[in-house]
Amino acid sequence: GQNISANPFLMLKEGNNTTTVKAFFSKVFADVKLPFDINYSLNVGVNNAGDSRSQFFPHAVSYNALTNAANILNNNPYAYRDQNDNLNISAYNTLNWEKTSNNRSRFAIMIGSSYSSFETSNFSSQIYGFLDNSLTDISAGSTNPQVGGRTTKDILQSYFSRAEYSFREKYLLDATLRYDGSSR
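Residues numbered from 1 in each chain as written. Predicted model: local features only at pLDDT ≥ 70, side-chain atom pairs only at ≥ 80, totals over all residues. Heavy atoms only, no water.

From N to C terminus, the protein chain includes 1 helix and 8 strands. Counting from the amino terminus, helix and strand elements in the protein chain follow one another as α-β-β-β-β-β-β-β-β. Relative to the globule expectation of 16 Å for 184 residues, the C-alpha radius of gyration of the protein chain, 30 Å, shows a markedly less compact shape. When the backbone C-alpha atoms are referred to their principal axes, the protein chain occupies close to 100 × 30 × 30 Å. Taken across its 184 residues, the protein chain has 23% of its residues classed as buried. When contacts within the protein chain are restricted to residue pairs at least 6 apart in sequence, long-range pairs at least 24 apart make up 63% of them. Summing over all exposed atoms, the protein chain offers an accessible surface of approximately 12,800 Å²; the carbon and sulfur share of this is 55%. (Helix = DSSP H or I, 4+ residues; strand = E, 2+ residues; numbered from the N terminus. Rg over C-alpha atoms; globule rule 2.2 N^0.38 Å. Buried < 20%, exposed > 50% of the residue type's maximum accessible area, 1.4 Å probe, protein only. Contact = heavy atoms within 4.5 Å. Areas by Shrake-Rupley, 256 points an atom, 1.4 Å probe, with all protein chains shown as cover.)

Another aspect to go through is unusual backbone geometry. We note that Phe36 has phi near 65°; this positive angle belongs to a residue other than glycine. Take Phe36: it is sitting in the loop between β1 (16-34) and β2 (38-57). The residue Asp37 is not glycine, and still its phi comes out positive at about 60°. Here Asp37 lies in the loop between β1 and β2.

With that settled, consider the sheet that holds β2. If you walk across this open sheet you meet the 6 strands as β1-β2-β5-β6-β7-β8, and the pairing is antiparallel. The sheet terminates laterally at β1 and β8 (171-182), the two strands that pair on one side only. Ignoring which end each strand starts from, the neighbouring axes of this sheet average 10° apart. Inspection of the sheet shows β1 paired to β2 by 19 bridges, in the antiparallel sense. By the bridge assignment, Ser26 is partnered in β2 with Val46. (Pairing = 2+ DSSP bridges. Axes fitted to C-alpha atoms, helices over the stretch in contact; angles between N-to-C directions.)

This part is about a nonpolar patch on the surface. A cluster of nonpolar side chains, contributed by Val32, Leu34, Leu95, Trp97, Phe107, Ile109 and Ile111, occupies part of the molecular surface with about 540 Å² of accessible area. Elements represented by at least two residues in the nonpolar patch include exactly β1, β5 (78-100) and β6 (105-128). Top element by residues in the nonpolar patch is β6. It accounts for 3 residues. One can find Val32 in strand β1. (Patch = residues over 30% accessible without salt bridge, like charges linked within 9 Å, V, L, I, M, F, W, Y side chains within 5 Å. Salt bridge = Lys/Arg side-chain N within 4 Å of Asp/Glu carboxyl O.)

Set out below in structure tokens:
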């Protein structure tokens, strides 16, 4: 059978399909020299993106140009709405210290942490039963309402450190510690 896409002019004239997209991206970086030759580094990023969509599929009838016979393209008008949102945040910071002695020994220590958060939410609704094409808001429908949605949030937190000793750039001793935690 045919569907509403058989006559796109009908959809343009009677229906609607609107999508709105939003996006925000930001990053901040700082590198600070502290007393005792300690360096502090911070890196924070935010990514917030989402979209919303509003659709109305109208009662649509087209007519055969030769026979004038009615062809019902959509006998059950419906409205649909959905919204999706994503918020991702990350932060990474470290403290670094390094010292080289006269006998060509090098000491370096680094400690740090990282944080990542991923939040997603979506919502959708759909309803049928519109009397005609004049009222297109989702609250004007009367039958078979369908609603769905979901929200998730996952977090990853990490702590880490590293110690290095180098003698005459020939011998190297390295130790690394790391601890990770997740909300999953």
